[in-house]
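So the chains spell out like this:
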Amino acid sequence: MSVQTTAPARQASPPYRLVLPASADRALWLAERRKGIGSSDVAAVMGVSSYGSAQHVYYDKRGDLELESDAGEAALWGSLLEETVAREWARRNRSVVRRVGLIARKDAIHQRCTLDRRVDECPLNREQHERCALEVKCRNAFVAKKWKKNIPDDVLAQVLWQLYVTGYDHIHVAVLIGGSDFRQYTIRRADHTALIGDIVTVVDRLWRDIQLGRVPALTGEEPVDPMLDLFDELWPDRQGMKNLDEFPALALEAFANITDYETARLEESAARKRKEAAKVAMTEALQDRAGAVLDGDLAYEYVPTEGREKTNTTLLAEKYPEAYAECVVREPGKRLSIAKRYRMTELPS
């Protein structure tokens, strides 16, 4: 009697190739990142990052910014805790994970990502291997609400790009919040096919702009402080005056921007005064009561709070001058100053 055996089905070749292993030198990895758009760039490219923008990515890939050397304490501890969080995810899900490195699409070498871990034994289907990955995050407790029902938009953009580059069906996400709150999610390609297509379109367009030297236009949604920091890094030694009269298009834009800025300044001031006046009036109406009811429901309360800690720097300097000198640092800054002739004193009618 003959026994027929069926050979295990061979998986199709993945659409990506390894560019650098996970053990590669960091300086080499940072340099290689500039040769394409990685998953850590995508949130900025798509305008959902609080720390960067498409212009950050553009200037970085063009080599106009210094290579990242020290990303700060948060990034340091995130890196140190990554292995711990990955191991805990694997333990809880009875799975197997391993590091990969920097990978790139075979058909478009600029489409890249670095996977935190590849999952060799997915808990959703243990008969399949190398069909998914694990993205690891460490976040402080202040952003816990953003992870309540699903992952935040910046992480979603990153994971969807990883799904595209790898061709995987899904990717798991593990996050440690505040050092003790562990959460996990699963992001499926099938749930986001249209958005993945949009991301690919925007990323490829930016990559073409990078090759052609076309700076991406501002959208008005960029995070202010990171943008100003970017401009200071690009042009650290500003001197002299730029005569906008020589550039008619820039001159018209400058008039519009100054008007918008001054209008917003006056509106902000007026809104703040209205808010404070309403606060005073509502508190006066309470008299000796702590709150007010409208239509049978609580409308507002005037209740004590714990307050915020404040440092009396004058007293600190008088009593403990050495501690003051060591701990209090005055960092130089810059501000945008509108010339007197262009400052508005009242809102346009």
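Residues numbered from 1 in each chain as written. Predicted model: local features only at pLDDT ≥ 70, side-chain atom pairs only at ≥ 80, totals over all residues. Heavy atoms only, no water.

(A) Here's a closer look at the overall build of the chain. Across its full length, the chain carries ten helices and ten strands. The globule rule puts the C-alpha radius of gyration for 349 residues at 20 Å, and the 27 Å found for the chain is more than 25% above it. Overall, the C-alpha framework of the chain stretches about 95 × 65 × 55 Å when taken along its three principal axes. With 349 residues in all, the chain has 32% of them scored as buried. Carbon and sulfur atoms make up 51% of the accessible area of the chain, which totals about 24700 Å². The positive charge centre, built from 51 side chains, and the negative charge centre, built from 54, are 4 Å apart in the chain. (Helix = DSSP H or I, 4+ residues; strand = E, 2+ residues; numbered from the N terminus. Rg over C-alpha atoms; globule rule 2.2 N^0.38 Å. Buried < 20%, exposed > 50% of the residue type's maximum accessible area, 1.4 Å probe, protein only. Areas by Shrake-Rupley, 256 points an atom, 1.4 Å probe, with all protein chains shown as cover. Lys, Arg positive; Asp, Glu negative; His and termini not counted. Charge placed at Lys NZ, Arg CZ, Asp CG, Glu CD.)

(B) Broad picture of the packing of helix H5 (residues 153-166) against helix H6 (residues 193-212). Put simply, H5 and H6 touch, their axes get as near as 10 Å, and they point 90° apart. Here H5 is positioned roughly perpendicular relative to H6, judged by the angle of their axes. Counted together, Leu-156, Ala-157, Leu-160, Trp-161 and Tyr-164 of H5 and Leu-195, Ile-196, Ile-199, Val-200 and Val-203 of H6 form the full contact between these two elements. Partitioned by chemical class, the residues of the contact of H5 with H6 number ten nonpolar, no polar and no charged. (Axes fitted to C-alpha atoms, helices over the stretch in contact; angles between N-to-C directions. Parallel < 35°, antiparallel > 145°, perpendicular 65-115°, else oblique. Contact = heavy atoms within 4.5 Å. Nonpolar A, V, L, I, M, F, W, Y, C, P; charged D, E, K, R; others polar.)

(C) Just the pairing of strand E8 (residues 181-188), in detail. Examined bridge by bridge, strand E7 (residues 170-177) and E8 share eight bridges and lie antiparallel to one another. Considered in E8, the bridge of Val-173 is made with Tyr-185. Connecting the antiparallel pair E7 and E8 is a turn made up of three residues, with Gly-178 showing a positive phi of about 65°. (Pairing = 2+ DSSP bridges.)

(D) Main features of the nonpolar core. Ranked by internal contacts, the top residues of the largest apolar core, which has 44 residues, are Trp-147, Ile-151, Trp-161 and Ile-187. Those elements giving two or more residues to this core turn out to be helix H2 (39-45), helix H3 (54-61), strand E4 (112-115), H5, E7, E8, H6 and helix H7 (224-234). The element contributing the most residues to this core is H5, with nine residues. Apart from residues no more than four positions distant in its own chain, Trp-161 is found in contact with Ile-37, Gly-38, Ser-39, Val-42, Gln-111, Arg-112, Cys-113, Ile-199, Val-200 and Val-203. (Core = buried A, V, L, I, M, F, W, Y, C linked by side-chain atoms within 4.5 Å.)

(E) Fine view of H7. Burial in H7 covers these residues: Pro-226, Met-227, Leu-230, Phe-231 and Leu-234. Taken end-on, H7 shows its buried residues confined to a sector of 140°, consistent with a single buried face. In H7, the exposed positions angled more than 90 degrees off the buried face are occupied by Val-224, Asp-225 and Asp-229. Buried positions along H7 lie against H3. (Arc of directions from axis to C-beta.)

(F) Spatial organisation of the side chain of Gln-162. Among the structural elements, Gln-162 can be located in helix H5. The exposure class assigned to Gln-162 is buried, which follows from its relative accessible area of 1%. Polar side-chain contacts of Gln-162 include one of 2.9 Å to the side chain of Glu-135. Not counting residues within four places of it along the chain, the set of residues in contact with Gln-162 comprises Ser-39, Cys-113, Thr-114, Leu-115, Glu-135, Gly-167 and Ile-171. (Polar contact = N/O pair within 3.5 Å; in protein donor to acceptor, adjacent residues only side chain to side chain.)

(G) Representation of a negative patch on the surface. A cluster of acidic residues, Glu-66, Asp-225, Asp-229 and Glu-233, forms a negative patch on the protein surface. Looking at the element boundaries, Glu-233 is found in helix H7. (Patch = residues over 30% accessible without salt bridge, like charges linked within 9 Å, V, L, I, M, F, W, Y side chains within 5 Å. Salt bridge = Lys/Arg side-chain N within 4 Å of Asp/Glu carboxyl O.)

(H) Layout of the packing of H3 against H7. It is at 10 Å that the axes of H3 and H7 come closest, and there the two elements cross at 25°. It follows from the interaxial angle that H3 and H7 lie roughly parallel. The chirality of how H3 crosses H7 is left-handed. Counted together, Gln-55, His-56 and Tyr-59 of H3 and Pro-226, Met-227, Leu-230, Phe-231 and Leu-234 of H7 form the full contact between these two elements. (Left-handed = near helix turned anticlockwise from the far one by under 90°.)

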